[in-house]
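Given next are the chains, with one letter for each unit.
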Amino acid sequence: MTDIDASATAPAATGLTAAQVAERVARGQVNDVPVRSSRSVGEIVRANVFTRFNAIIGVLWLIVLVVAPFQDGLFGFVILANTGIGIIQEWRAKQTLDSLAVIGEVRPTVRRDGKAVKLATSDLVLDDLVEIGPGDKVVVDGVCVEADGLEIDESLLTGEADPVVKRPGDQVMSGSFVVAGGGAFRATRVGRQAYAAQLAEEASRFTLVHSELRSGISTILKYVTWMMIPAAIGLVVTQLFVQNHDLKESVARTVGGIVPMVPEGLVLLTSVAFAIGVIRLGRKQCLVQELPAIEGLARVDTVCLDKTGTLTEGGMDVTELRALDGADEAYLRQVLGALGESDPRPNASLRAILDAYPDAEKWRCTEALPFSSARKYSGATFSEGDGESSTWLLGAPDVLLDDADPALAETGRLNEQGLRVLLLARAVRGLDDPRVAEGAGAVALVVLEQRLRPDAADTLRYFAEQDVRAKVISGDNAVSVGAVAAKLGLRGRTVDARRLPAEREPMAAALDEGTVFGRVTPQQKRDMVGALQSRGRTVAMTGDGVNDVLALKDADIGVAMGSGSEATRAVAQIVLLDNSFAALPSVVAEGRRVIGNITRVATLFLVKTVYSVLLALLVVGWQVEYPFLPRHVTLLSTLTIGVPAFFLALAPNRERARPHFVRRVMRYSLPGGLLAGVATFVSYLAARHYYSGAGALEAETSVATLTLFLISMWVLAIVARPYTWWRVLLVASMGAAFLVVLVVPWLQDFFALRLVGMTMPWIGVGIAAVAAVGLELVWRGVDRRGSD
């Protein structure tokens, strides 16, 4: 609250001149904190090239290029192609993110040469005069120079939820945000010296970590590495020293045993799936500030919606002015016009009032109390031009009036129609009195109509169909919010949040029973998110106003509107730049596509890893030649995993996301890999007993390759379900490609695959068929246990 006359007579601060700015830039006193929305190109290349498994494969590739034919080194070129694809896709995602980040960038208002201009945050210099208002984020540290009822929330820095009133001379810290009033501050610390600069840089950085998918894959790869070490050592010893075969042949078969143990494409496809998700959402003007948010929103089972700006559009229209107790309507119009003019940064309600009732020029504001979500009202004191002075309050009727006041009954009837009602009351106390609302006399009801978002009903219907519970949490009157929700088809109990228990467990129980909550304070929104999470809920919170910041920060996924306050955009993981609530189903669908498809392809990759390790151990135990050369492994991996996995990873997928990624993948991969490994080794041993003489090893390898291919194709056929035309075509084309290799002479020579006779190949087919039946039985059993 501020004395308006005093500030009006004080000389206006004009800010720095162009010469002063240039001088500070020359001295390096600039806000040079690199705010990035994505990794640099160099970081993308390093992350995709310098991996543990690329190092393993690279060394093996160099060895094979020296000792073996060209075709045994094909796996190295596949790795190069995979790495290149990963770099290109993530670079495309970076371009999308960077272009969207520019659109959603915070642009503070700075006074330069006496004019207010919007600048990029990086263009600020030391001693700049920065203007701030409700919802603005403080981007650098400074000292308050002007204050007009300025209240700043520093909870993101200090944990203290109560707003702090700022007066000229007080410190303001970067990372805090304005909840009420306005003012200006002089920048005293910029760049990396600012209090929250490092935190802000880290929070805005593009990430590929901290998701269940990526952490789960890291866990799997850690165990795979430990499985590989003894198997690889045993294989090296067996092939090089026990069999006493040709050195080059032994090296090639050793490498052929080690290479398929590495699930080298799994991390690549995960990154590609995420990156393409960013690109797809970017086309819909959806900025994903933290990449795992795509996955996170797909796992959400409860979405908390702020009414204003989410279910309704920001604008409102005054539909009626109802004078109480015979008040003069013409006089009331003057009061409302003056109230609208008294706030330099009016909210949606005040803007609608100002549009309906232009300001009376004779009235002069001497004191102002800006609106805040915690108070639920604003106020001003006026000199009316005829020597009279009056103080007025405008806000929530159920906050300003006693429960027994008859005006509340009329308010309730209007709220039931989904209309928003504000009370105009004449105060008997001064605005500097903490109990200014006590004894205020009701003078008029201002009725406003909110504009429903045309896409809100369809979006709510989508969440209901997907078993995602919607909770409307608003600071407005509960009855009014409930009526709006009902118009959009959202049914359920309506609760006045002032009657909610403060304790977490009782509050969680009340939240389970209710659907619409009105008169919620900013701190209550935060508590409600915590209460839902205490019951194991994965919570998304949407909002656009400064009163949503705390809840957005604490929710599992925060979703902000692009037109919302700077503070909400700064703490949210997802920003809807076109302010379309209807974009949320696209984000959910994209997350489900990523989760479901990566689960599919992870199963393919890990079945291969399991059977490769098992085959290596069986070869060591029986002390026989490893059945495959690297060229066989490349052919099998390309046709049964590499090419199909790429298409499956990018396909549509609407399955609901389920937790415990590692457990679910291993429940399929372990039995599938064990069956494939045992069946292939049995076929190989049978062929060793059947064939003899020159060329026997090649014939044995060919039968083992045929058996393993058929089993791997069955694994692919199971993973590809449910079938669509393109999935059937994908599986069939992989089978046809292998058949071409078997019948074209030069491909037979290239891949060293030649089926000899009829008996042994058909035995291999029979063994594969038995294994396929086993796979069906085992995986159906796993499915049944998973659904229990």
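Each chain has its residues counted from 1, following the order in which its sequence is written. Two thresholds apply to this predicted model, a pLDDT of at least 70 for residue-level local features and 80 or more for giving and counting side-chain atom pairs, whereas whole-chain, interface and lining totals are computed over all residues. In computing side-chain properties, one takes all heavy atoms of the structure into account and sets aside hydrogens as well as water.

Considerations on the overall build of the protein
Item 1. A count of helical and extended segments in the protein gives 28 helices and 22 strands.
Item 2. For the protein, the C-alpha atoms occupy an extent of roughly 120 × 60 × 40 Å along the three principal directions.
Item 3. Relative accessibility decides the category of a residue: with a 1.4 Å probe and only protein chains considered, values under 20% of the type maximum give buried, values over 50% give exposed, and everything between is partly exposed. Here the protein holds 788 residues, and the buried ones make up 58% of them.
Item 4. Of the contacts formed within the protein by residues at least 6 apart in sequence, a portion of 73% connects residues at least 24 apart. Only DSSP runs of H or I reaching four residues or more are called helices, and only runs of E reaching two or more are called strands; each is numbered from the N terminus. Residues count as neighbours in contact if any of their non-hydrogen atoms are within 4.5 Å of one another.

A short note on the pairing of strand 5 (residues 141-153)
Here is the key point about a regular strand: its side chains alternate between the two faces of the sheet.
Item 1. The buried fraction of strand 5 is high, at 11 of 13 residues.
Item 2. Across 10 bridges, strand 5 lies against strand 8 (residues 177-189) in antiparallel orientation. Paired with Ile-152 across the bridge in strand 8 is Val-178.
Item 3. What makes two strands pair is DSSP finding at least two bridges between them. Two strands pair when backbone bridges link them, and strand 5 and strand 6 (residues 164-165) are joined in this way by two bridges, in the antiparallel orientation. Residue pairing in the sheet places Ile-152 in a bridge with Val-164 of strand 6.

Thoughts on helix 17 (residues 478-487)
Item 1. Counting buried residues in helix 17 gives seven out of 10 residues, a clear majority hidden from the surface.
Item 2. Taken as a whole, helix 17 has its buried residues at Ala-478, Ser-480, Val-481, Gly-482, Ala-483, Val-484 and Ala-485.
Item 3. Of the residues that open helix 17, the one with a side-chain oxygen 2.9 Å from the backbone nitrogen of Val-479 is Asn-477.
Item 4. Downstream of helix 17 by a residue or two, Gly-489 has a phi angle that is positive, lying close to 85 degrees. We call two N or O atoms a polar contact when they sit within 3.5 Å, provided that within protein one can donate a hydrogen and the other can accept it, with sequence-adjacent residues counted only if both atoms are side-chain atoms.

Describing the packing of helix 10 (residues 264-282) against helix 22 (residues 584-622)
Item 1. Running from N to C, helix 10 and helix 22 point in directions that differ by 170 degrees, and their axes come no closer than 10 Å. With respect to helix 22, the axis of helix 10 lies roughly antiparallel. Considering only the axes of helix 10 and helix 22, their crossing is right-handed. Here Glu-264, Gly-265, Leu-266, Leu-269, Thr-270, Ala-273, Phe-274, Ile-276, Gly-277, Arg-280 and Leu-281 of helix 10 lie close against helix 22, whose contacting residues are Ser-586, Val-587, Glu-590, Arg-593, Val-594, Ile-598, Val-601, Ala-602, Phe-605 and Lys-608.
Item 2. The residue classification treats Ala, Val, Leu, Ile, Met, Phe, Trp, Tyr, Cys and Pro as nonpolar and Asp, Glu, Lys and Arg as charged. All others, Gly included, are polar. Tallied by class, the residues present in the contact of helix 10 with helix 22 amount to 12 nonpolar, four polar and five charged. Lines fitted to C-alpha atoms define the axes, with helix axes restricted to the stretch in contact, and inter-axis angles between N-to-C directions lie between 0 and 180 degrees. These descriptions rest on fixed angle ranges, namely under 35 degrees for roughly parallel, over 145 for roughly antiparallel, 65 to 115 for roughly perpendicular, and the rest for oblique. Note on convention: the crossing is left-handed when the near helix lies turned anticlockwise from the far helix by less than a right angle, right-handed when the turn is clockwise.

Some details on empty space enclosed by the protein
Item 1. The rule is simple: put a 1 Å grid over the protein atoms alone, call a set of points where a 1.4 Å probe fits but cannot get out a cavity, call an open set with protein on both sides within 12 Å along at least five of seven lines a pocket, and count a residue as lining if it has an atom within 4 Å of a point. Grid points are joined across faces, edges and corners, and a volume is the space filled by probe spheres set on the points. Within this structure, the stated rule accounts for four cavities of 30 Å³ or more.
Item 2. Space inside the largest cavity adds up to approximately 110 Å³.
Item 3. Lining the largest cavity we find 13 residues, and of these Ser-342, Asp-343, Ala-368, Leu-369 and Pro-370 sit closest to its centre.
Item 4. Breaking the lining of the largest cavity down by element, the ones donating at least two residues are strand 8, helix 12 (329-342), strand 12 (364-369) and strand 13 (377-383).

Let's talk about a nonpolar patch on the surface
Item 1. Where nonpolar side chains cluster on the molecular surface, the patch consists of Val-41, Val-45, Val-49, Phe-50 and Trp-91 and spans about 450 Å² of accessible area.
Item 2. Tracing the sequence through the fold places Phe-50 in the loop between helix 3 (41-49) and helix 4 (52-67). A patch consists of residues whose relative accessible area exceeds 30% and which take part in no salt bridge; residues with like charges are grouped when within 9 Å of each other, and nonpolar side chains (Val, Leu, Ile, Met, Phe, Trp, Tyr) when within 5 Å. To be clear on the numbers: accessible area is Shrake-Rupley with a 1.4 Å probe, and residue cover counts the displayed protein chains and nothing else. A pair is scored as a salt bridge if a Lys or Arg side-chain nitrogen falls within 4 Å of a carboxyl oxygen belonging to Asp or Glu.

So, the side chain of Ser-349
Item 1. On the secondary structure map, Ser-349 appears in helix 13 (residues 348-356).
Item 2. Looking at Ser-349, its side chain comes within polar contact range of the side chain of Arg-420, at 3.3 Å.
Item 3. Dropping the residues within four chain positions of it, Ser-349 is found in contact with Met-316, Arg-420, Leu-422 and Leu-448.

Let's talk about the packing of helix 23 (residues 630-649) against helix 25 (residues 696-719)
Item 1. The geometry of helix 23 relative to helix 25 is characterised by a closest axis approach of 9 Å and an angle of 10 degrees between their N-to-C directions. Of the possible angle classes, the one that applies to helix 23 and helix 25 is roughly parallel. Of the residues in helix 25, those in contact with His-632, Leu-636, Leu-639, Thr-640, Pro-644 and Leu-648 of helix 23 are Thr-701, Thr-705, Leu-708, Phe-709, Ser-712, Met-713, Leu-716 and Val-719.
Item 2. Residues of the contact of helix 23 with helix 25, tallied by class, amount to nine nonpolar, five polar and no charged.

What about the nonpolar core?
Item 1. One finds Leu-297, Ile-574 and Val-601 to be the most contacted residues of the largest nonpolar core, which totals 132 residues.
Item 2. Here this core gets 19 residues from one element, more than from any other, and that element is helix 22.
Item 3. Contacts of Leu-297, omitting those with residues within four sequence positions, involve Ala-540, Ile-557, Ile-574, Leu-584, Val-587 and Val-588.
Item 4. Think of a nonpolar core as a cluster: buried Ala, Val, Leu, Ile, Met, Phe, Trp, Tyr and Cys residues, connected wherever their side-chain atoms sit within 4.5 Å. Listed in part, the 26 residues of the second largest apolar core include Ala-180, Met-507, Ala-508 and Ala-555.

Quick look at the sheet that holds strand 21 (residues 557-561)
Item 1. With mixed pairing, the eight strands of this open sheet are ordered in space as 9-22-21-20-10-17-19-18. A single partner strand is all that each edge strand has here, and the edge strands are strand 9 (286-288) and strand 18 (493-496). Direction aside, the axes of adjacent strands within the sheet are offset by 20 degrees on average.
Item 2. Pairing of strand 10 (residues 302-305) with strand 20 (residues 539-543), which is carried by four bridges, proceeds in the parallel orientation. Within the sheet, the bridge partner assigned to Thr-302 lies in strand 20 and is Val-539.
Item 3. Sheet contacts for helix 18 (residues 504-513): strand 17 (469-473), strand 18 and strand 19 (514-518); angle to strand 19, the most-contacted strand, approximately 110 degrees.

Some remarks on the confidence of the model for the protein
Do not read the predicted coordinates in detail wherever pLDDT is low.
Item 1. Confidence of the predictor in every single residue is expressed as pLDDT, which spans 0 to 100. The predicted model of the protein has a mean per-residue pLDDT of 82, with 91% of residues at 70 or higher.
Item 2. Mean pLDDT across the secondary structure elements of the protein bottoms out at helix 1 (residues 4-9), with 36, and peaks at helix 26 (residues 725-743), with 94.
Item 3. In the model, residues 1-12 has pLDDT below 50 throughout and makes 21 contacts with residues more than four positions away in sequence or in other chains.

Points about the environment of Val-624
Item 1. One can find Val-624 in the loop between helix 22 and helix 23.
Item 2. In the structure, Val-624 is positioned 560 residues away from Val-64 in sequence and 21 Å away in space, judged by C-alpha atoms.

Thoughts on the side chain of Arg-526
Item 1. If you trace the backbone, Arg-526 turns up in helix 19 (residues 522-534).
Item 2. The exposure class assigned to Arg-526 is buried, which follows from its relative accessible area of 17%.
Item 3. In terms of polar contacts, Arg-526 uses its side chain to reach the side chain of Asp-554, at 2.7 Å.

Examining the packing of aromatic side chains
Item 1. Note on aromatic pairs: the rings of Phe, Tyr and Trp (six-membered ring only in Trp) are paired at centre separations within 6.5 Å, and the planes decide the class, stacked below 30 degrees, edge-to-face beyond 60, tilted for the rest. Counted by the stated rule, this structure contains 12 aromatic pairs.
Item 2. Judged by centre distance (5.3 Å) and plane angle (75 degrees), the ring pair of Tyr-668 and Trp-779 falls under edge-to-face. Separated by 111 residues along the polypeptide, Tyr-668 in helix 24 (residues 661-690) and Trp-779 in helix 28 (residues 759-787) bring together distant segments of the chain. As far as burial versus exposure is concerned, Tyr-668 and Trp-779 are alike and both buried.
Item 3. Taking 3.8 Å as the distance between ring centres and 15 degrees as the angle between the ring planes, the aromatic pair formed by Phe-709 and Phe-738 counts as stacked. Residue Phe-709 is found in helix 25, and its partner Phe-738 is found in helix 26; the two are separated by 29 residues along the sequence.
Item 4. Here the aromatic cluster, defined as three or more aromatic residues joined through ring pairs, consists of Tyr-331, Trp-363, Phe-382 and Trp-392.

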